[in-house]
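Chain by chain, the residues run as shown.
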Amino acid sequence: TETLNITKANLKVMGPGHTFQFKPTTTTAPTITIGAANIEISGLYIETAATGTQNAVTVTANNAFIQDCWIANVRSDGINVSISSRTNINSCVIEHCGKSGTGNGIKLGNTVTEALISKCIIFDNVNGIALAGTGLADNICENNLIYQNSGYGITVGSGVLRTHVRS
């Protein structure tokens, strides 16, 4: 029922899969906040509180690695990345995000560079992947299954540069 605010660099938070669950009761913070460099989270099930407008995972530091996570029933964005370089999101299921009316499976915001989103299943969100803001460049979305979103599968804003979407 707790949230996790990571401020110590070079930390790994690893769980055994969907049985290790973050389902907070508070609506005042994202479920997991990554605010330090070189953080890895894997093998977790992550939700937000049933009310409010929080993200499941918020990344504001470089070199975040998010793998093998199941992110579901989220009030806003499943994963929100801003002011970050080299974030890697790999082999995650991201579903039912944006329950407050706004939110995306994955949102890459201002000054995100060199992010890789690969081999994820992204469905039943407002938008699957949203790239919006200034300073976004050199990001890759590849080999993802994106479907059944109420808005777009992938939405790309006007300030996005050198971003590749393939397979």
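Computed from a predicted model, the values in this text were never measured in an experiment.

Conventions and cut-offs
Residue positions are counted from 1 within each chain, in the order its sequence is given. The model is predicted, so local features are restricted to residues of pLDDT at least 70 and side-chain atom pairs to those at 80 or more, both for listing and for counting; the totals for chains, interfaces and linings are taken over all residues. Just so you know, side-chain values use all the structure's heavy atoms and leave hydrogens and water out. In DSSP terms, a helix is any run of H or I states spanning at least four residues, a strand is any run of E spanning at least two, and both are numbered starting from the N terminus. The atom set for the radius of gyration is the C-alpha atoms, and the globule formula is 2.2 Å times the number of residues raised to the power 0.38. Working definition: with a 1.4 Å probe on protein chains only, accessible area under 20% of the residue-type maximum means buried, over 50% means exposed, and in between means partly exposed. Areas reported as accessible are Shrake-Rupley estimates using a 1.4 Å probe. Residue values count occlusion only from the protein chains shown. Positive charges are assigned to Lys and Arg, negative charges to Asp and Glu, while His and the chain termini are left out of the count. Charge positions come from single atoms, namely NZ of Lys, CZ of Arg, CG of Asp or CD of Glu. Strands are labelled as partners when DSSP assigns at least two bridges between them. Axes here mean lines fitted to C-alpha atoms, for a helix over just the part in contact, with angles spanning 0 to 180 degrees between N-to-C directions. By salt bridge we mean one thing: a side-chain nitrogen of Lys or Arg within 4 Å of a carboxyl oxygen of Asp or Glu. Candidates for patches are residues over 30% relative accessible area with no salt bridge; among them, like charges are joined within 9 Å and nonpolar side chains (Val, Leu, Ile, Met, Phe, Trp, Tyr) within 5 Å. Note on contacts: a residue pair qualifies if any of its non-hydrogen atoms lie within 4.5 Å across the two residues.

The next point concerns the overall build of the protein chain. Check the secondary structure of the protein chain and you find zero helices and 20 strands. Computed over the C-alpha atoms, the radius of gyration of the protein chain is 14 Å, within 12% of the 15 Å expected from 2.2 N^0.38 for a compact globule of 167 residues. In terms of overall dimensions, the protein chain has a C-alpha envelope of 40 × 35 × 25 Å along the principal axes. Burial analysis of the protein chain (167 residues in total) assigns 48% to the buried set. Accessible surface, the protein chain as shown: approximately 7,500 Å² in total, 50% of it carbon and sulfur. Where the 10 positive side-chain charges of the protein chain centre and where its 10 negative ones centre are 4 Å apart.

At arginine 86, a position not held by glycine, the phi torsion is positive, near 60°. Considering the arrangement of structural elements, one finds arginine 86 in the loop between strand E10 (79-81) and strand E11 (88-90). Assessed through its relative accessible area of 39%, arginine 86 is described here as partly exposed.

On to the sheet that holds strand E16 (residues 127-131), then. Strand order in the open sheet formed by seven strands is E1-E4-E7-E10-E13-E16-E19, with parallel pairing between adjacent strands. The open sheet has two edge strands, strand E1 (4-6) and strand E19 (154-156), and neither has a second partner. Strand-to-strand twist in this sheet, taken as the mean axis angle between neighbours without regard to direction, amounts to 10°.

To continue, consider the pattern of salt bridges. Applying the stated criterion across every chain yields a total of three salt bridges. Measuring nitrogen to oxygen at the nearest pair gives 4.0 Å for the salt bridge that ties lysine 12 to glutamate 40. In this pair, lysine 12 is assigned in strand E2 (residues 12-14) and glutamate 40 in strand E5 (residues 40-42), connecting sequence segments 28 residues apart. A salt bridge links arginine 162 to aspartate 138, with the nearest nitrogen and oxygen atoms 2.8 Å apart. Of the two residues, arginine 162 is situated in the loop between E19 and strand E20 (164-166) and aspartate 138 in the loop between E16 and strand E17 (140-142); the sequence distance between them amounts to 24 residues. For aspartate 138, a relative accessible area of 33% corresponds to the partly exposed category.

A surface patch of nonpolar side chains, amounting to about 250 Å² of accessible area, comprises Ile121, Leu145 and Tyr147. Structurally, tyrosine 147 is set in strand E18 (residues 145-147).

This paragraph deals with the pairing of strand E12 (residues 93-97). Inspection of the sheet shows strand E9 (residues 70-74) paired to E12 by four bridges, in the parallel sense. By the bridge assignment, alanine 72 is partnered in E12 with glutamate 95. Bridge count for E12 against strand E15 (residues 121-123) is three bridges, and the pairing is parallel. Looking across to E15, one finds that valine 93 is bridged to isoleucine 121.

Time to look at the pairing of E16. The buried count for E16 comes to five of five residues, which makes it a mostly enclosed element. Across four bridges, the pairing between strand E13 (residues 104-108) and E16 is parallel. For isoleucine 106, the partnering residue across the bridge sits in E16 and is isoleucine 129. The pairing of E16 with E19 spans three bridges and is parallel. The residue of E19 that forms the bridge with alanine 130 is threonine 155.

Mapped onto the secondary structure, serine 85 falls in the loop between E10 and E11. Put simply, serine 85 and phenylalanine 20 are 65 residues apart on the chain and 28 Å apart in space, counted from C-alpha to C-alpha. Setting aside anything within four residues of it in sequence, one finds serine 85 in contact with Asn62, Asn63 and Thr113.

Function-wise, these values are silent; they only describe arrangement.
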